[in-house]
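One letter stands for each residue in the lines below.
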Amino acid sequence: MNIQSIEQVKDTDVKYKVSISVLEKFRRFQTGTTKYDTEQALLDTIMGKFVPNDKVKFGSAIHKIIERFNREAYNGEMYVDDFILSSEQYRPALEYRKQHPLMIHEVPISKVYQTRDLQLLVTGRADGIEGVEIRDIKAKFSLPLWSEYYVSYQWRFYLSMFGLDTFWYDIFEVRDFPPAIINGRAIGAYVLEPESFQCLRYDALEDDVLTLCNDFAEFMIRKNYLNLLTKIK
Amino acid sequence: MPVIRKDESLPKRPVVIVIYGEPGIGKTSLFNTSNNPLLIDFDRGVDRSIFRQDSLLVSRWEDVIQEEKAGTFKNYSTIGIDTAKAALDDFLMSYVIRQDQKLAKNKLGAYGAIGDEFKLFVNNRRADGADLVIIAHAKQEKDGDIIRNIPDVTGQSYNLLLRISDQVGYMRTVNNKRTIQFEPTDFTVGKNVARIPLVEIPDENDTRFKNFMATLIQQVKDAIARQSEIQQDALKKVELYREQIESCEDPDELTAILSVIRELPDNYQKGLLKLVSDSAKRNGFVADKEKGCYVRKEIAEYKTILPL
């Protein structure tokens, strides 16, 4: 640990702000989930360097229909952000919204985790809270790999931070997504009814979450990356 | 179909339980202690089990479909699949390829078709009201530096099992006693909707063994029913407060609602606080932190200007 880091860390009033997405990215880097989960990719996520591609933008459009639907369809098409969605593309999201009338959308959350070396203020935003359950909506462009969600720490952090026991991934699988968007249309693409995957609190969940926070803090100090995180007094 | 009134409890739904572990540990024998069971024996392993119950020996997936059409499964309360690997990766794989030869060269498509076919089978058993116990051997999977025991099926079938199951337990011997671990650990995959701690399986001569699996399944069903009631109760509260929050046009009223919400259990609070915050924004209210209440934005601005 260098001198600067020690001084920073010893200030006990300081909290370092980090999002759940960054911590999940760190876990993927730590376990070498894929060849894309590099240290540079982690740093890019910390610094918010992210250029959304068409698939990400399409997924956001699906999200928007669920979060704050206030649009009418014209001639069987719906205008959402940069996209013009066909009924095969918007209907599953619309149905989902109707099936979850009591879901509270976009609920922010934060919690301080005291690691061995410093305090982390972990922040997140749940797609939906429905009763005592958390729901996360994702668009996927290939067969969903539930085991990847199972090992993820995203749901563990949300359960820990909200103090709830049940988390659902609701996955909208998008098929036949075209290589190019023409006049705002993803021609030929269609969206399947969502499939849900349940993740549950378990005895060691809080320990696991804190262990990841500790590993992350230790990594950031050792690599002298703390200056990349926002400090909160 | 009987109508269940909104204030009535829903009937306990059938469950799907995956039990995996090393060969010879007694997984099939454990299944035999279920309530009114029928084992679909894909692996020709039933003869090694004790307390043998009714079994269906199949040679291809079409045999399963035939028995389904004949209504055989409706006569049983618990259906066992032994083993998952043989059923999914061998029998169903051959079946979907026989249905569509192109899938022989399209493994991803084949697993999609297997998933659809198996989900149909599971849904039909649910419709019959039968519980499903899926038996699998264990294998080891590497995740970074960690080696974890998981059910022995191919990747896509593993994903399917994780998705459809309510409870996943690893059976192993600890201090010469057979146990089931449902809680996930660094070294075992698990799913534990009923939050069942490590269970020691009684000796086969013990009277408690005779209906051990039936008792376990009942525990899982009771836990799901309990959670469903908690969820229904929470949703009712959300509905009630949401109506009040959304119709609120007065800052004092919103402050009053906020103080009530703050008294609610933690797990209801955070979502409702978001609705209060949205309502304040929509109505142009701001928080007066000194007084701990909402005020109209124009009043807050007026107060700020007043001392000048």
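Residues numbered from 1 in each chain as written. Chains lettered and ligands numbered in written order. Predicted model: local features only at pLDDT ≥ 70, side-chain atom pairs only at ≥ 80, totals over all residues. Heavy atoms only, no water.

**Focus on the overall build of chain A**
Line of reasoning, step 1. When its secondary structure is counted, chain A shows eight helices and 10 strands.
Line of reasoning, step 2. Dimensions of chain A, computed from C-alpha atoms along their principal axes, come out at roughly 65 × 35 × 30 Å.
Line of reasoning, step 3. When contacts within chain A are restricted to residue pairs at least 6 apart in sequence, those whose partners lie at least 24 apart make up 69%.
Line of reasoning, step 4. When the accessible area of chain A is evaluated, it comes to approximately 10900 Å², of which 49% is carbon and sulfur surface. (Helix = DSSP H or I, 4+ residues; strand = E, 2+ residues; numbered from the N terminus. Contact = heavy atoms within 4.5 Å. Areas by Shrake-Rupley, 256 points an atom, 1.4 Å probe, with all protein chains shown as cover.)

**Things to note about the environment of B:Gly169**
All names here are of chain B.
Line of reasoning, step 1. Within the secondary structure, Gly 169 sits in strand E7 (residues 167–174).
Line of reasoning, step 2. With 149 residues separating them along the chain, Gly 169 and Tyr 20 place their C-alpha atoms 6.3 Å apart.
Line of reasoning, step 3. Discounting chain neighbours no more than four positions away, the residues touching Gly 169 are Val 18, Ile 19, Tyr 20, Ile 180, Gln 181 and Phe 182.

**Here's the deal with the pattern of salt bridges**
Between side chains of opposite charge, a pair can form when the charged atoms approach closely.
Line of reasoning, step 1. Under the counting rule described, the total for this entry stands at 31 salt bridges over all chains.
Line of reasoning, step 2. Between A:Glu77 and A:Arg185 there is a salt bridge whose closest N-O contact spans 2.7 Å. Here A:Glu77 is found in strand E2 (residues 77–80), whereas its partner A:Arg185 is found in the loop between strand E7 (166–175) and strand E8 (190–191), with 108 residues between them in sequence.
Line of reasoning, step 3. Sharing partners across several salt bridges, the network here consists of B:Glu68, B:Lys74, B:Arg125 and B:Asp128. (Salt bridge = Lys/Arg side-chain N within 4 Å of Asp/Glu carboxyl O.)

**Structural notes on the confidence of the model for chain B**
Interpretation of the predicted coordinates at a detailed level should be avoided for regions scoring low in pLDDT.
Line of reasoning, step 1. Confidence along chain B averages 90 in pLDDT terms, with 93% of residues attaining 70 or more.
Line of reasoning, step 2. The least confident element of chain B is helix H9 (residues 297–305) of chain B, whose mean pLDDT is 67; the most confident is strand E1 (residues 16–21) of chain B, at 97. (pLDDT = per-residue confidence, 0-100.)

**Some thoughts on the pairing of strand E1 (residues 15–19) of chain A**
All names here are of chain A.
Line of reasoning, step 1. Of the two faces of E1, only one is covered, namely that formed by Tyr 16 and Val 18; the face formed by Lys 15, Lys 17 and Ser 19 stays uncovered.
Line of reasoning, step 2. As judged from the three bridges shared by E1 and strand E10 (residues 230–232), these two strands associate in the antiparallel manner. Its bridge partner being in E10, Tyr 16 is matched across the sheet by Lys 231. (Buried < 20%, exposed > 50% of the residue type's maximum accessible area, 1.4 Å probe, protein only. Pairing = 2+ DSSP bridges.)

**Let's talk about the pairing of strand E2 (residues 37–41) of chain B**
All names here are of chain B.
Line of reasoning, step 1. The buried count for E2 comes to five of five residues, which makes it a mostly enclosed element.
Line of reasoning, step 2. Side chains of E2 alternate between two faces, with Pro 37, Leu 39 and Asp 41 and Leu 38 and Ile 40 buried alike.
Line of reasoning, step 3. Where E2 lies against strand E4 (residues 78–82), five bridges are found, and the strand directions are parallel. Bridge pairing links Asp 41 to Asp 82 in E4.
Line of reasoning, step 4. When E2 meets strand E3 (residues 54–57), the two strands line up parallel, connected through four bridges.

**Some words on helix H5 (residues 87–99) of chain A**
All names here are of chain A.
Line of reasoning, step 1. Compared with an ideal rise of 1.5 Å per residue, which puts 13 residues at 18 Å, H5 spans 17 Å between its outermost C-alpha atoms and is within 8% of the ideal.
Line of reasoning, step 2. Residues Ser 87, Gln 89, Tyr 90, Pro 92, Ala 93, Leu 94 and Tyr 96 constitute the buried set of H5.
Line of reasoning, step 3. Packed against the buried residues of H5 are helix H4 (54–67), E2, strand E3 (83–86), strand E6 (133–140), E7 and E8. (Expected span 1.5 Å × (residues − 1).)

**As for unusual backbone geometry**
All names here are of chain B.
Line of reasoning, step 1. Across the junction of Asp 82 and Thr 83, the peptide omega takes the value -5°, indicating a cis bond.
Line of reasoning, step 2. One can find Thr 83 in the loop between E4 and helix H3 (84–99).
Line of reasoning, step 3. Positive phi outside glycine occurs at Asn 176, with the angle close to 65°.
Line of reasoning, step 4. Of note, the phi angle at Arg 195 is positive, near 50°, even though the residue is not glycine.
Line of reasoning, step 5. Here Arg 195 lies in the loop between strand E9 (191–192) and strand E10 (199–200).

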